[in-house]
Amino acid sequence: MLKWKGEYYWGSNALHMLALLSEWRGAFSILNRLVFNSPNAARFAYPLLKLGRLLLLKFKGVPLISQ
């Protein structure tokens, strides 16, 4: 979740907003902005990134936070 100027953003919308707010400094920031500047790209990539995080945590044996 991202809170920016009183608005809340979740999931791919948060990813897109973070890309819009990032500066053009450093390789990661530039790549992040180029890839996720498009809402469609963020919407496509978010579930893949979420799955990757889940698999990595499972591989490392880190339990998920229960809600």
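These numbers were taken from a predicted model, which means no experiment stands behind them. (Residues numbered from 1 in each chain as written. Predicted model: local features only at pLDDT ≥ 70, side-chain atom pairs only at ≥ 80, totals over all residues. Heavy atoms only, no water.)

Draft legend 1. Representation of the overall build of the protein chain in the model. On a plain count of helices and strands, the protein chain comes out with three helices and two strands. The secondary structure elements of the protein chain, listed N-terminal to C-terminal, are β-β-α-α-α. Dimensions of the protein chain, computed from C-alpha atoms along their principal axes, come out at roughly 35 × 30 × 20 Å. Looking at the protein chain as a whole, 19% of its 67 residues qualify as buried. Expressed as a percentage of contacts within the protein chain between residues at least 6 apart in sequence, the contacts between residues at least 24 apart total 18%. Counting only carbon and sulfur atoms, one obtains 65% of the accessible surface of the protein chain, whose full area is about 5,700 Å². (Helix = DSSP H or I, 4+ residues; strand = E, 2+ residues; numbered from the N terminus. Buried < 20%, exposed > 50% of the residue type's maximum accessible area, 1.4 Å probe, protein only. Contact = heavy atoms within 4.5 Å. Areas by Shrake-Rupley, 256 points an atom, 1.4 Å probe, with all protein chains shown as cover.)

Draft legend 2. Main features of helix α2 (residues 27-36). Those residues of α2 not exposed but buried are Asn-32, Arg-33 and Phe-36. Each buried residue of α2 lies within a common arc of 95 degrees when the element is viewed along its axis, so the set occupies one face. Exposed side of α2, more than 90 degrees from the buried face: Ala-27, Leu-31 and Leu-34 are the residues found there. Against α1 (11-21) and α3 (39-60) lie the buried residues of α2. (Arc of directions from axis to C-beta.)

Draft legend 3. Here's a closer look at unusual backbone geometry. For Lys-5, which is not glycine, the phi torsion reads 50 degrees and is therefore positive. Looking at the element boundaries, Lys-5 is found in the loop between β1 (2-4) and β2 (7-9). Exposure remark for Lys-5: the relative accessible area of 71% places this residue in the exposed category.

Draft legend 4. Quick peek at the side chain of Arg-33. You can see Arg-33 is positioned in helix α2. Apart from residues no more than four positions distant in its own chain, Arg-33 is found in contact with Ala-19, Leu-20, Ser-22 and Trp-24.

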